[in-house]
Amino acid sequence: MDNGDGKVRIGFYVCHCGTNIAGTVDVASVAKYAAGLPGVAVSRDYKYMCSDPGQDLIGEDIREHGLNRIVVAACSPCLHEATFRTATARAGLNPFFCHLVNIREHASWVHSDRAAATAKVYDLIRAACGRVRHHKALERKRVNVRPEVLVVGGGIAGIQAALTVAESGKKVYLVEREPTIGGHMAMFDKTFPTLDCAACILTPKMSQVKAHPNITLWTYSEVAAVEGFVGNFKVKVRRKPRYVNEEACVGCMECVDACIYKEPKFEDEFNQRLGKRKPVYMSFPQATPKVVQIDPETCLHFKTGKCKQPCIASCSRNAFDFNQEERFEDIDVGAIIVATGFKPFDPARSPKYGYGHFPNVYTSLEVERLVNSAGPTGGEVVMRDGRKPKSVGIVHCVGSRNLQTNRWCSKVCCMYSLKLAHLIKEHTHAEVYNFYIDMRTPGKGYEEFYNQLLEEGVHFIRGKVAEVTDWAMTPEEEGKLVMRVEDTLAGFVRRIPVDMVVLAVGLEPQADAQGVRRMFNISCSSEGFFLERHPKLAPVDTATDGVYLAGACQGPKDIPDSVAQAGAAAAQAMALIDKGYIEMEPNAAFIDSEECSGCKSCIPLCPYTAISFDEVTVKATINEALCKGCGTCVAACPSGSIKQNLFEDVEIFSEIEEVLANA
Amino acid sequence: MPETFEPRIVAFFCNWCTYTAADLAGVSRMRHAPNARIIRLMCSGRVDPQFILEAFARGADGVLIGGCHPNDCHYIEGNYKCLRRFRLLRRMLDDMGVEEKRCRLEWISASEGDKVKRVINEMVEQLKALGPLDLPGRFRDWDKEVAELEHAASAASAPCDCHAHKEEAAHA
Amino acid sequence: MPEKPKVAFYWCASCGGCEESVVDLAEDILMVVENVEIVFWPVAMDFKKKDVEAMPDGSIAACFLNGAIRTEEQEEMAHLLRRKSKVLIAYGACAHLGGIPALANQFSRERVMEWAYDKCPTVTNAKGTRPQVEFKDGARTATLPAFRNVVRALDQVVDVDYYIPGCAPTPKLLKDAVVALLSGKLPPKGTTLAPDIALCDECPRKSSKPTDVGFAEFRRPHMAEIDPNLCMLAQGFVCMGPATRGGCGALCLNGNMPCTGCFGPTSRVRDQGAKILSSICSSIAPKDEAGIDGVLEGIPDPVGTFYRYGLARCLLRRRVDIKDGAEVAAK
């Protein structure tokens, strides 16, 4: 819209954002200042520009004053750039004539001196008004979105996400690193606060995944590489050899019985090394897929080549394949849901608790297996020395809320500690002591569960455990583990002798989270959990379009939260796919072939191979569909012949000039 | 140096890491010196050395470039390209008498709001110690030796205006 | 017969190569002489300053002025010729960009003098004689023009209409300019009268450049045998071609030397040195600082390499921390 006269007519709007901006920045004088800038035809300040009346203001002014540029000084473009572009477009002006200036996150919220903050805003709006003069009408390009979804991680979050997407009729690939899906939840006995059996609610979902016609389940597999972009990801999945043909095996377990090792001899990872398994094994009876596998590290055949391989003979379905090799599957998907979960804190990092030193110090996850009737002790809470504990101390916040280890609250430990206290007491009638810093039980039915525990006679001692020691000072401490703690409610230091110590370990990012996030091109927050696009308004999105987060990979979460987030991630992925296309930000680079000398300097710089050399014109050309708009080639073009929409040299130069023009 | 010297910093921040980190500093209300003016680019790889020189020529006392940490670039390797240019530009600026601390490259991830605060505060202190660069003022000083001579009739264009600018104007 | 348009040639801080390039027109100079009247050309013909002063303002149709502006006299002449000329053309790299003389912008005037009259190993000057602006020898007073602190391109002193690039410009560019002048078909003011596309476009080695140059080292031309057919950058020699306007016919490349940038940048670039730096550095192979710095050791003098002809036009114009002499400050 150029009103025929080619003149730039800028509408300038400064947002109060309540007092968020107006509290620190003199918005009235900003509006006055802007009114004096070249090309500014209308200048206003308004309470909430993002509100409907605020947006309408822009539209009315465009129509009434023939505005052809819009500058809004408000919050970060990451938040409301789309809002104001849309408002601009509604009034018939190309949305890319609108520019947002960040004076909240970058000014009012980080400065306290009103004069200095206002002066800074003057500079920023001058730069914006300078830049928009050079803006052009641009069109978003459309890219089709493939209808398949990849879910990475088969814990409860991944399962829920996969099922939700599959139910909607979309094809899902569910990739799980372990031999079975189920994740941590499959290891739990009961779930808080309802104490319903974890297996009872999880395993039907696991079977559903296996049976669902729209889900391709690949366990014992990992994502090896991700290329492409939203709607069009190319993913390479590494499928590790399990030496058993998954299609043939029905999980009858005949081979496990037949194994040359008559007794289970090797540490069972699923049971937290509290039990034993054979080289041929299934993680647990409800493992999904219900398929055995061979661990080459312990299998006699792989170690010596001299095993008679009774397993092969025992298998009526001829499922064994000792020559199986790692193989790769290439898939194309439109969206990716990352649900890679967490890692429990390793309490060996806090030696004061004696984990690994005293056999009767356990992690909470180990105790989950002990109280589980499918666990190594058949649900009996017995210690490594075979005794039943008469007294148990549960230490909260191990590896959480601590400057030496992890600073964050792991959110679930208070509640699962209460659950374990209840279960231990139920199984053993032992005295159970909870050592806590603060009890954190927000959630439906959670506080009530805490009250129930108080009534059950579980002891609660507020204080951080200083040390777990076997150094007895009194006869009744002999042979016990003594927990030294300052009871901060009673106001003195106590020594409490117990038979068994349970460490309520916190939740940490997976050890390979950094590698995973690089593969998916997403960010981590400072503690290493994957970073959502916005903590409140985009909690399952990531900075990379088409990649969503579910479950504890984004931060500590309990099962209800993980399931809810998985549903949200699935909904986001489905929204993307159902639309069928996405509109890309029109910030691609382009080459004017009249100007290009064909020096080829740009060609190796593009990570997406969007630039190629045209042997006919002997010049470089950019494939707009592949360009992601980083602008690296633009900065490197030695003759200034590559330009980037929205970030043209002339736009940036005018920002530089204007932002400094107050001298 | 005037008592009240407030350095002016032009900051080129990449959209995905450092600009987001500056937003986070805002959301977290991490108050810091108001001297930096952030210009948003999609990637530190978009930082053309011309931008840095132009910022100095237009009166910046310091230029700060913020990008994603190595291996973390949203565009895979833009930050490396930025780093490579920066290494030689830094040396060239040194040869041109621009102090090292006036031009700084920092890797700041989206979660490092506190680093935005620290780096800006630190740079402001360092620039205060260095004093103003004030290239526009120096250009004026240098040109005093020719200002006394008459200028041609079309004095519209200042002597330091690059002809490229004019040519642009002519083509526009 | 209508009066022939008047043309002037003048030189300031230059080597004389630009004047030669006029003579290099060869037979074409006859065409020039036939169609124009040369009213001022101190190199070739005898004129005095007062002859120019006597001309009416704007009476010279076009003045081709070569050389950078370093002295008071050059400045005066630039102003005078500007006033007398309808069209003032910065002719050659020195007038266009500052040229080789502008490399002195890395140093103070005092250091230049000190080197030229004292420190330079080939100089014997026991008495420490230095040029003086004014020198009295008995009753006589001899004067020399003052030497400025800063070397300037022509348009940093007076308004310039067109630029003809090159060290020196090729006769073809001059001839094309003269033809354009005579026909009155002139491009918009401020245009550089050469193709607005980088040199690679016309480089005979263009096709030999691979698309994936990753620099593992840089070499200078004296350090190795140069393959006469392979792209200079592919051989690790810094070639300014990609950042330099074409139009010379790739003369240096045909002489088996890399381009050093005398035609200046294209119209889309504000700072030629920054651009070639950006382009070359982007393709350095290592990713770590030590590795990058190692490769960059092959470019020991980035200012001299990237601004060989363009330092006056660098956005910084000059080494910024030079403290100019007291006598200038007083002026």
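Just so you know, these numbers come straight off a predicted model, no measurement behind them.

### Details of the side chain of histidine 212 of chain A
Residues and elements named next belong to chain A. Examined against the element boundaries, histidine 212 turns out to sit in the loop between helix 7 (198-211) and strand 10 (215-218). Reaching out from histidine 212, the side chain makes a polar contact with the side chain of glutamate 167 at a distance of 2.8 Å. Apart from residues lying up to four places away in sequence, histidine 212 is in contact with Leu163, Ala166 and Glu167.

### As for the interface of chain B and chain A
Quite often, the size of an interface is put as the accessible area lost when its parts meet. Contacts between chain B and chain A engage 47 residues on the former and 52 residues on the latter. Carbon and sulfur atoms supply 59% of the area buried between chain B and chain A, which totals about 4,200 Å² over both sides. Where chain B packs against chain A, one counts 6 salt bridges. A salt bridge links arginine 518 of chain A to aspartate 72 of chain B; the nearest nitrogen and oxygen atoms lie 3.1 Å apart.

### As for the state of the cysteines
Residues and elements named next belong to chain A. Going through the model one piece at a time under the given rule, you end up with 1 disulfide over all chains. Between cysteine 197 and cysteine 200 runs a disulfide, and the two sulfur atoms are separated by 2.3 Å. Taking the torsion about the sulfur-sulfur bond, which here is approximately 90 degrees, the covalent link between cysteine 197 and cysteine 200 counts as right-handed. A relative accessible area of 52% places cysteine 200 in the exposed class.

### Quick notes on empty space enclosed by the protein
Evaluation of the coordinates by the stated rule reveals 15 cavities of 30 Å³ or more. Space inside the largest cavity adds up to approximately 310 Å³. Lining the largest cavity are 25 residues, with His99, Leu100 and Glu655 of chain A together with Tyr19 and Arg40 of chain B sitting closest to its centre. If you list the elements that add at least two residues to the lining of the largest cavity, you get helix 3 (77-90), strand 4 (98-102) and helix 5 (114-132) of chain A together with strand 2 (36-41) of chain B.

### Thoughts on a negative patch on the surface
A grouping of Asp52, Asp56, Glu60 and Glu64 of chain A is seen on the molecular surface, where their side chains present a negatively charged patch. Assessed through its relative accessible area of 56%, aspartate 52 of chain A is described here as exposed.

### Quick word on unusual backbone geometry
Residues and elements named next belong to chain A. For the bond from phenylalanine 192 to proline 193, the omega torsion is -10 degrees, close enough to zero to count as cis. Of note, proline 193 is situated in the loop between strand 8 (190-191) and strand 9 (196-197). Of note, arginine 401 is a non-glycine position whose phi angle comes to about 50 degrees, a positive value. Relative to the helices and strands, arginine 401 resides in the loop between strand 21 (391-398) and helix 12 (413-428). Not every positive phi belongs to a glycine, and histidine 429 is a case in point at roughly 55 degrees. Tracing the backbone shows histidine 429 in the loop between helix 12 and strand 22 (431-436).

### Considering helix 15 (residues 559-579) of chain A
Residues and elements named next belong to chain A. The end-to-end C-alpha separation of helix 15 is 30 Å, in line with the 30 Å expected for 21 residues at 1.5 Å each. Within helix 15, burial applies to Ser562, Gln565, Ala566, Ala569, Ala570, Ala573, Met574, Leu576 and Ile577. Looking at the packing, one finds that the buried side of helix 15 touches strand 6 (149-152), helix 6 (156-167), strand 18 (335-338), strand 29 (547-549) and strand 30 (581-584). Taking the backbone nitrogen of aspartate 561 as reference, a side-chain oxygen 3.1 Å away marks aspartate 558 as the first, capping residue of helix 15. Positive phi shows up at glycine 580, right after helix 15, with a value of about 90 degrees.

### What to know about the environment of leucine 124 of chain A
With respect to the helices and strands, the residue leucine 124 of chain A is situated in helix 5. On a C-alpha basis, the gap between leucine 124 of chain A and tyrosine 220 of chain A in space is 53 Å, while along the polypeptide they are 96 residues apart. Once residues within four sequence positions are removed from consideration, leucine 124 of chain A is found in contact with Val101, Asn102, Ile103 and Val659 of chain A together with Arg37 and Ile38 of chain B.

### Quick word on the environment of threonine 544 of chain A
The topology assignment puts threonine 544 of chain A in the loop between helix 14 (513-520) and strand 29. Note: C-alpha distance between threonine 544 of chain A and serine 314 of chain A (230 residues apart in sequence) is 50 Å. With residues near it in sequence (within four places) discarded, threonine 544 of chain A still touches Phe520, Asn521, Ile522 and Arg533 of chain A together with His74 of chain B. Looking at threonine 544 of chain A, its side chain comes within polar contact range of the main-chain oxygen of asparagine 521 of chain A, at 2.3 Å.

### A look at the sheet that holds strand 4 (residues 103-107) of chain B
All names here are of chain B. The strand order 2-1-3-4 describes an open sheet built from 4 strands, whose pairing is parallel. In the strand order of this sheet, the two ends are held by strand 2 and strand 4, each with one partner. Within this sheet the neighbouring strands show an average axis-to-axis angle of 20 degrees, counted without direction. Sheet analysis places strand 3 (residues 62-67) next to strand 4, joined by 5 bridges and oriented parallel. Counterpart to glycine 66 in the pairing with strand 4 is glutamate 106. Lying over the sheet, helix 3 (residues 78-95) contacts strand 3 and strand 4, oriented at roughly 160 degrees with respect to strand 4.

### Remarks on the nonpolar core
Core analysis: the largest hydrophobic core is formed by 178 residues, its most contacted members being Phe12 of chain A, Phe12 and Phe56 of chain B together with Phe64, Phe306 and Leu316 of chain C. No other element matches helix 5 of chain A, which puts 8 residues into this core. Residues within four places of phenylalanine 12 of chain A in sequence aside, it is in contact with Val30, Ala31, Ala34, Val40, Val42, Ser43, Arg44, Val71, Ala73, Ile125 and Cys129 of chain A. By size, the runner-up hydrophobic cluster in this structure holds 65 residues, among which are Val145, Met206, Ala248 and Ala287 of chain A.

### Comments concerning the domain arrangement of chain C
Parsing chain C into structural domains produces domain 1 (6-100 + 149-183), domain 2 (108-148) and domain 3 (199-300). Relative to domain 3 of chain C, the C-alpha centre of domain 2 of chain C lies at a distance of 39 Å.

### Quick notes on the interface of chain B and chain C
Counting residues at the interface gives 52 residues for chain B, matched by 61 residues for chain C. For the pair chain B and chain C, the two sides together bury roughly 5,300 Å², of which 56% comes from carbon and sulfur. Area buried by chain B at its contact with chain C is led by Arg84, Met96 and Trp142 of chain B, which between them contribute 15% of it. The interface formed by chain B and chain C includes 8 salt bridges. A salt bridge links lysine 275 of chain C to aspartate 48 of chain B; the shortest N-O distance between them is 2.8 Å. Applying the counting criterion to the chain B and chain C interface returns 25 residue pairs in polar contact (both at pLDDT 80 or more). When contributions to the side of chain B that touches chain C are tallied by element, the ones reaching two or more residues are helix 2 (49-57), helix 3, helix 5 (135-147) and helix 6 (163-171) of chain B.

### Regarding the confidence of the model for chain C
Residues and elements named next belong to chain C. Averaged over all residues, the pLDDT of chain C is 93; the fraction at 70 or higher stands at 97%. The low-confidence segment residues 326-331 (pLDDT under 50) makes 8 contacts with residues lying over four places distant or belonging to another chain. The ipTM, which scores confidence in the relative placement of chains, is 0.95 for this predicted complex, and the corresponding pTM is 0.78.

### With respect to the domain arrangement of chain A
What the domain assignment reports for chain A is domain 1 (10-138), domain 2 (254-314), domain 3 (346-508), domain 4 (509-583) and domain 5 (586-645). Placing a centre on the C-alpha atoms of domain 1 of chain A and another on those of domain 2 of chain A gives a separation of 67 Å.

### Digging into the pairing of strand 25 (residues 481-487) of chain A
Residues and elements named next belong to chain A. For strand 25, the buried fraction is high: 5 of the 7 residues fall into the buried class. Note that strand 24 (residues 465-469) and strand 25 share 4 bridges and pair antiparallel. Each bridged residue has a counterpart across the sheet, and for valine 468 the counterpart in strand 25 is methionine 483. Pairing of strand 25 with strand 26 (residues 492-498) involves 7 bridges; the strand directions are antiparallel. Residue aspartate 487 lies in a different strand from strand 26, and its bridge partner there is phenylalanine 492. The hairpin formed by strand 25 and strand 26 contains 4 residues between the paired strands, and glycine 491 there has a positive phi angle of roughly 85 degrees.

Conventions we followed
- Residues numbered from 1 in each chain as written.
- Chains lettered and ligands numbered in written order.
- Predicted model: local features only at pLDDT ≥ 70, side-chain atom pairs only at ≥ 80, totals over all residues.
- Heavy atoms only, no water.
- Helix = DSSP H or I, 4+ residues; strand = E, 2+ residues; numbered from the N terminus.
- Polar contact = N/O pair within 3.5 Å; in protein donor to acceptor, adjacent residues only side chain to side chain.
- Contact = heavy atoms within 4.5 Å.
- Buried area = accessible area lost by both parts, 1.4 Å probe.
- Salt bridge = Lys/Arg side-chain N within 4 Å of Asp/Glu carboxyl O.
- Disulfide = S-S within 2.5 Å.
- Buried < 20%, exposed > 50% of the residue type's maximum accessible area, 1.4 Å probe, protein only.
- 1 Å grid on protein atoms, 1.4 Å probe; cavity = no way out; pocket = protein on both sides within 12 Å on 5 of 7 lines; lining within 4 Å.
- Points joined across faces, edges and corners; volume = space filled by probe spheres on them.
- Patch = residues over 30% accessible without salt bridge, like charges linked within 9 Å, V, L, I, M, F, W, Y side chains within 5 Å.
- Areas by Shrake-Rupley, 256 points an atom, 1.4 Å probe, with all protein chains shown as cover.
- Lys, Arg positive; Asp, Glu negative; His and termini not counted.
- Charge placed at Lys NZ, Arg CZ, Asp CG, Glu CD.
- Expected span 1.5 Å × (residues − 1).
- Pairing = 2+ DSSP bridges.
- Axes fitted to C-alpha atoms, helices over the stretch in contact; angles between N-to-C directions.
- Core = buried A, V, L, I, M, F, W, Y, C linked by side-chain atoms within 4.5 Å.
- Domains from an automatic or database assignment.
- pLDDT = per-residue confidence, 0-100.

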